[in-house]
Each structure stands twice: as C-alpha cells, then as structure tokens.
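# Architecture at a glance
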Amino acid sequence: MTTIEECRAALDKLSDSMGGTEGDVRAAASMERSVSCHVTDLDVTFAGRLTGGRIEVRETHPGPPREKAQIRLAMTGDDLVALVGGELHFARAWSSGRVRLEAGLRDLFQLRKLL
C-alpha cells in the first residue's frame, strides 16, 4: 500500500511530465480547471488546479472531495503510482472500474489527448 507522500510525489511527477508536452497534448494540458484526486484506500483527497500545463495541488485533506471539482479522479494509491509510472494503462484501468474519471463532456474530449 502506498503512502500519502508517494501519492503526492506521483502527482508531482505527472505535473512535471504534463509541463513538457507539445502540440495537441500541450493544448489539453493547458486547460484551466479545478481538479481533485481521491485516493480511495487512504481516504485522502488532493485538491487543486490544472493551470499553465501543470497540476497545482493546493490542499490535501482526509475523506472524499469537499467541493465538486471540474475534473474528478478516484483510484487507489497503488493505481495512481502505477498509472504515473507507466505500469498501468489508463484506458484499461478506467474501463475496468479501477480508475474513475468525472468531468464535463468538453473536458473529457480534451483529457483523452492527455490520457
């Protein structure tokens, strides 16, 4: 089981990799949206913003998200680390229910370029 620190490091790594993208992927990463990632096995939520091509985690709090972010993710800590590390394919994890992604339709179309 991963720790809160390992999950935070995975989000930082994801943010770093998004910052180095180009083309359509860069445009998708440059959206300005509120974001939450609920790590279900640790029952902790990372909340922040997708801004300037990066994810800025602004708060970490116990339990599910306190506010409804425009882009919402939920998964276990192990799956988060595996996704960011390239060991778990997002589409397979999403289709099997291991990862939940909720967002508006337009945001989903943009996010598919990232995922």
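Our subject is the structure that appears above.
All of these numbers come straight from a predicted model, not from anything done at the bench.

Bringing the sheet that holds strand β1 (residues 33-39) into the picture now. Spatial strand order, β3-β2-β1-β4-β5: five strands in an open sheet with mixed pairing. With one partner strand each, in any of the chains shown, β3 (54-62) and β5 (100-103) form the two edges of the open sheet. Adjacent strand axes in the sheet meet at a mean angle of 20° when their direction is disregarded. Relative to β3, strand β2 (residues 44-51) is paired through eight bridges, and the arrangement is antiparallel.

Glancing now at the side chain of D107. In this fold, D107 is placed in helix α5 (residues 105-114). Sequence-distant contacts of D107, defined by excluding residues within four places in its chain, comprise M31, R33, Q70 and I71.

A surface patch of negative charge is lined by E5, E6, D41 and D78. Mapped onto the elements of the fold, E5 is located in helix α1 (residues 4-19). Residue E5 is classed as exposed on the basis of its relative accessible area, which comes to 57%.

Analysis parameters
Residues numbered from 1 in each chain as written. Predicted model: local features only at pLDDT ≥ 70, side-chain atom pairs only at ≥ 80, totals over all residues. Heavy atoms only, no water. Pairing = 2+ DSSP bridges. Helix = DSSP H or I, 4+ residues; strand = E, 2+ residues; numbered from the N terminus. Axes fitted to C-alpha atoms, helices over the stretch in contact; angles between N-to-C directions. Contact = heavy atoms within 4.5 Å. Patch = residues over 30% accessible without salt bridge, like charges linked within 9 Å, V, L, I, M, F, W, Y side chains within 5 Å. Areas by Shrake-Rupley, 256 points an atom, 1.4 Å probe, with all protein chains shown as cover. Salt bridge = Lys/Arg side-chain N within 4 Å of Asp/Glu carboxyl O. Lys, Arg positive; Asp, Glu negative; His and termini not counted. Charge placed at Lys NZ, Arg CZ, Asp CG, Glu CD. Buried < 20%, exposed > 50% of the residue type's maximum accessible area, 1.4 Å probe, protein only.

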